[in-house]
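Read off the chains here:
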Amino acid sequence: MVRSMTGYGRDVISFNNSTITVEIRSVNHRFLDISTKIPRYLIDIEEDMKKMMKNYFLRGRFDVFITIDGEGFVERNLVINWSLMDQYISHLREIKRRYQLAGEIPVDTVTQIEDLFTIQETEQESDSLKQAILTAIENASQQVLEMREKEGNELVKDLRTRIELINSTVKKLGERRDIVIIEYRERILNRLEQYLKEELRSDESKIYQDVAVLVEKGDITEEVTRIDSHINQFLDTIKQQGAIGRKLDFILQEMLREINTIGSKSNDVLISQYVVTIKSEIEKVKEQIQNVE
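Not measured: the values here are computed from a predicted model.

(A) Representation of helix α8 (residues 245-265). Over its 21 residues, α8 runs 31 Å from end to end, which matches the ideal 30 Å to within 8%, given 1.5 Å per residue. Of all the residues in α8, the buried ones are Gly-245, Leu-248, Ile-251, Leu-252, Glu-254, Met-255, Leu-256, Glu-258, Ile-259 and Ile-262.

(B) A look at the sheet that holds strand β2 (residues 18-27). One open sheet holds the 4 strands; their spatial order is β1-β2-β4-β3, and the pairing between them is mixed. Bordering the open sheet on either side are β1 (7-15) and β3 (32-37), each of which pairs with just one other strand. The average angle at which neighbouring strand axes cross in this sheet is 15°, direction not considered. Both β3 and strand β4 (residues 60-70) contribute to a ladder of 6 bridges, which runs parallel. For Ile-34, the partnering residue across the bridge sits in β4 and is Phe-62.

(C) Geometry of unusual backbone geometry. You will see that Gln-100, though not glycine, has its phi angle at about 55°, which is positive. Its relative accessible area of 74% is what places Gln-100 among the exposed residues.

(D) Representation of the packing of aromatic side chains in the model. Scanning the entire structure with this criterion turns up 2 aromatic pairs. Ring plane angle 40° and centroid distance 6.0 Å describe the contact between Tyr-56 and Phe-57, whose orientation is recorded as tilted. Classification of Tyr-56 as buried rests on a relative accessible area of 17%. We classify Phe-57 as buried; its relative accessible area is 1%. For the pair Phe-57 and Phe-62, a centre-to-centre distance of 4.5 Å together with 35° between the ring planes defines the contact as tilted. For the pair shown, Phe-57 and Phe-62 are each scored as buried. Following the ring pairs from residue to residue traces out a cluster consisting of Tyr-56, Phe-57 and Phe-62.

(E) Geometry of a nonpolar patch on the surface. On the surface, Ile-95, Tyr-99 and Leu-101 cluster together into a nonpolar patch covering about 320 Å² of accessible area. Structurally, Tyr-99 can be placed in helix α2 (residues 82-99).

(F) Up close: the nonpolar core. Residues Ile-166, Leu-173, Phe-234, Ile-259, Ile-262, Ile-282 and Ile-289 are the most contacted members of the largest nonpolar core, which totals 31 residues. Among the elements of the structure, α4 (126-196), α7 (221-237), α8 and α9 (269-289) are those that each provide at least two residues to this core. Ranked by the residues each element gives to this core, the list is headed by α4, at 8 residues. Not counting chain neighbours up to four residues away, the residues in contact with Ile-166 comprise Ile-231, Met-255, Ile-278, Glu-281 and Ile-282. Among the nonpolar cores identified, the runner-up in size contains 28 residues, and Met-53, Ile-133, Leu-134 and Ile-137 belong to it.

(G) Layout of the pattern of salt bridges. Per the counting criterion, the structure on display carries 23 salt bridges. The partner of Arg-61 in a salt bridge is Asp-63, with the nearest N and O atoms 3.3 Å apart. Under the relative-accessibility criterion, Arg-61 is labelled partly exposed at 27%. Each of Glu-222, Glu-223, Arg-226, Glu-254, Arg-257, Glu-258 and Lys-265 takes part in salt bridges that share partners, so that together they form one network.

(H) Just the packing of α8 against α9, in detail. Packing of α8 against α9 brings their axes to within 10 Å, and their N-to-C directions diverge by 165°. Considered as vectors, α8 and α9 are oriented roughly antiparallel to each other. Between α8 and α9 lies a crossing of left-handed hand. Across from Gly-245, Leu-248, Asp-249, Leu-252, Gln-253, Met-255, Leu-256, Ile-259, Asn-260, Ile-262 and Gly-263 in α8, the residues of α9 making contact are Ile-271, Val-275, Ile-278, Lys-279, Ile-282, Glu-283, Val-285, Lys-286 and Ile-289. When the residues that make up the contact of α8 with α9 are grouped by side-chain class, the tally is 12 nonpolar, 4 polar and 4 charged.

What counts, and where the lines are drawn
- Residues numbered from 1 in each chain as written.
- Predicted model: local features only at pLDDT ≥ 70, side-chain atom pairs only at ≥ 80, totals over all residues.
- Heavy atoms only, no water.
- Helix = DSSP H or I, 4+ residues; strand = E, 2+ residues; numbered from the N terminus.
- Expected span 1.5 Å × (residues − 1).
- Buried < 20%, exposed > 50% of the residue type's maximum accessible area, 1.4 Å probe, protein only.
- Pairing = 2+ DSSP bridges.
- Axes fitted to C-alpha atoms, helices over the stretch in contact; angles between N-to-C directions.
- Phe/Tyr/Trp six-rings, centres within 6.5 Å; stacked < 30°, edge-to-face > 60°.
- Patch = residues over 30% accessible without salt bridge, like charges linked within 9 Å, V, L, I, M, F, W, Y side chains within 5 Å.
- Areas by Shrake-Rupley, 256 points an atom, 1.4 Å probe, with all protein chains shown as cover.
- Salt bridge = Lys/Arg side-chain N within 4 Å of Asp/Glu carboxyl O.
- Core = buried A, V, L, I, M, F, W, Y, C linked by side-chain atoms within 4.5 Å.
- Contact = heavy atoms within 4.5 Å.
- Parallel < 35°, antiparallel > 145°, perpendicular 65-115°, else oblique.
- Left-handed = near helix turned anticlockwise from the far one by under 90°.
- Nonpolar A, V, L, I, M, F, W, Y, C, P; charged D, E, K, R; others polar.

So this is what it looks like as structure tokens:
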């Protein structure tokens, strides 16, 4: 089954008076690349999230967003370093005494001192939260997978249409090949007769041998046969499971190589037109399969 690499999934769950929203977006990429944008206190479950997603996907770039609205799952407490506070106050009082300074020590002076106050975060309900988020990740991943499969089905329709056009044009190439050989031979013989006239009859067998060599150089039989084989490989591959995008790209490269060879061999206008049509369709197919997993 062909899958595209473009998809989107979203799941929203309620947990402990909070709302957890998980969003997953995917685009095409040569490999599997998962990037997460999540609260810092969820970092410890990041690898479990990625491991779960690898059960669903083989290729593509994924952006995972997790947002939590509500009370949250981290208890924050203000912590005061009393020992350090005592030292600051003691030194401030000593400064007043030594320099005979009047007035009280301002509170805002103390509160602006670094390292006296810190916020301590304590995670709550870690196991239950982890399971809830992983469930949401799985639900969103399933949505992404369904979208990728749906788009993949549309891709297959387009690919089959273009490959069929390539196939029908290749058949025309094969049919034109035999006509070109006859026309090529007659054209050469006519030119030889114009220049050699009577001498042609005296060494006719040698002339035909030379013509056969020239015709052989322009023969495209092998290339047409190989393109037929590549077309069948392509159609078989899009029926397979798993990551097939790179394999399809390789097959198209081989098809393009054969059609370029045909173009370089042929001096026939009609065959050249067929070659342009086939190359154009191959390029369109190559562009499409860049989004195939």
